[in-house]
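This is what each chain is made of:
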Amino acid sequence: MQNALLIGLSRQMTLERQMDVIANNVANANTNGFKADHSLFEEYLNSNAREDNFVGSDRRVSYVQDRGTFRDVGQGPMEPTNNPLDMAIDGNAFFAVQANGGERYTRDGKFSLNSTGQLVTSDGNLVLGTGGPITFQPTDHDINVAPDGTVTVLEGTAKTDSIRGKIRMASFDDPARLTKLGANLYDVGSATPQADARSNVRQGYIEKSNVNSVGEMSRMVEVMRSYTSIASLLQQQSDMHKSAIEKLADVPA
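The shown structure was predicted, so the numbers you read here are calculated from the model rather than taken from an experiment.

Definitions and limits used
- Residues numbered from 1 in each chain as written.
- Predicted model: local features only at pLDDT ≥ 70, side-chain atom pairs only at ≥ 80, totals over all residues.
- Heavy atoms only, no water.
- Salt bridge = Lys/Arg side-chain N within 4 Å of Asp/Glu carboxyl O.
- Buried < 20%, exposed > 50% of the residue type's maximum accessible area, 1.4 Å probe, protein only.
- Helix = DSSP H or I, 4+ residues; strand = E, 2+ residues; numbered from the N terminus.
- Contact = heavy atoms within 4.5 Å.
- Pairing = 2+ DSSP bridges.
- Axes fitted to C-alpha atoms, helices over the stretch in contact; angles between N-to-C directions.
- Phe/Tyr/Trp six-rings, centres within 6.5 Å; stacked < 30°, edge-to-face > 60°.

What's the story with the pattern of salt bridges in this structure? I'm lost.
Here the idea is simple: oppositely charged side chains can pair when their charged atoms come close. Throughout the structure, instances matching the rule amount to 10 salt bridges. In this structure, Arg164 and Glu155 form a salt bridge, with 3.1 Å as the shortest nitrogen-oxygen distance. For Arg164, a relative accessible area of 18% gives the class buried. For Glu155, a relative accessible area of 32% puts it in the partly exposed group. Each member of the salt-bridge network shares a partner with another, and the members are Lys35, Arg107 and Glu207.

Written out as structure tokens, the structure reads:
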């Protein structure tokens with residue numbers, strides 16, 4: 001009976017972790033460029049039943065172990081905004097930004113201009129081009145971003161385009177290895193950034209979260225039901241344990 005209690009407890013602990021992951025996904029269902037996380041579990045075998053009357057598979061005790069999480073790096077839906085400074089990446093690349101004293105990466109292309117004319121994220125982090133931060137002049141207008149990330153403008157009364165830089169896009173062999181820092185930013189972790197020539201920039205669009213809200217809510221209900229079911233099972237096991245002790249106490253010495 002103790003094994004049943006421990007197995008149930010191991011499952012409840014993993015369900016609690018899974019609920020945290022699902023709740024975080026649901027909370028970021030409307031976060032631009034957010035990538036959903038999913039839980040991983042595995043069977044952990046431990047053979048504590050060693051009496052002779054336990055044979056074969058009855059000796060094996062299977063616990064549930066929290067293996068970790070994996071990230072769904074699939075493309076989120078594109079939403080048109082008609083804002084020339086909004087950008088979305090069609091592909092697997094990330095925007096490079098200057099944040100927290102170093103170079104970070106994001107899929108959130110909700111950009112604007114700061115007081116000095118530099119292109120920044122919604123949190124004020126500098127958007128990096130291939131030659132550094134991208135800066136506009138006060139007289140710039142008709143901003144255009146080509147699919148390869150080249151930013152051009154018309155300056156003042158000029159009739160020809162002026163180049164203000166090229167959006168830097170970085171890709172990774174395994175984007176799931178990037179470390180989430182919060183505020184929709186990623187650190188390279190153990191991954192190595194590489195220049196990306198396959199992805200395209202779509203001006204006037206924002207990539208939305210790839211979280212499937214309906215699916216996440218369904219999983220949340222499943223987790224709650226599983227947790228309640230196991231709690232009921234553990235209560236039954238506890239009652240059986242208590243009843244066995246009471247009966248043993250009535251046995252004459």
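Mind showing me how you'd approach the side chain of Gln18 here?
Mapped onto the elements of the fold, Gln18 is located in helix α1 (residues 2–27). Classification of Gln18 by relative accessible area gives buried; the value is 15%. Once you skip the residues sitting within four places of it in the chain, Gln18 turns out to touch Arg11, Ser39, Phe41 and Val223.

What am I meant to see in the sheet that holds strand β11 (residues 140–145) here?
The strands making up a sheet associate through hydrogen bonds between their backbones, and the pairing can be parallel or antiparallel. Read across the open sheet, the three strands follow the order β11-β12-β13; overall the sheet is antiparallel. Unpaired on one side and paired on the other, β11 and β13 (161–166) mark the two borders of the sheet. Taken pair by pair, the neighbouring strands of this sheet meet at an average axis angle of 30°, ignoring direction. Looking at chain direction, β11 and strand β12 (residues 150–155) are connected through four bridges and run antiparallel. The partner of Asn144 across the bridge, within β12, is Thr152.

What exactly am I supposed to notice about the packing of aromatic side chains here?
Taken as a whole and judged by the stated rule, the model has four aromatic pairs. Residues Phe95 and Phe111 carry aromatic rings whose centres are separated by 5.1 Å and whose planes lie at 75° to one another, so their mutual orientation is edge-to-face. Separated by 16 residues along the polypeptide, Phe95 in strand β5 (residues 94–99) and Phe111 in the loop between β6 (102–106) and β7 (112–113) bring together distant segments of the chain. Phe111 matches Phe95 in its accessibility class, with the two residues each being buried. Relative to Phe172, the ring of Tyr105 has its centre 5.2 Å away and its plane inclined at 85°; by these criteria the two rings are edge-to-face. Residue Tyr105 is located in strand β6, and its partner Phe172 is located in the loop between β14 (169–171) and β15 (179–182); the two are separated by 67 residues in the primary sequence. Each of the two residues, Tyr105 as well as Phe172, counts as buried. Members of the aromatic cluster, each reached through a chain of ring pairs, are Phe94, Tyr105, Phe172 and Tyr186.

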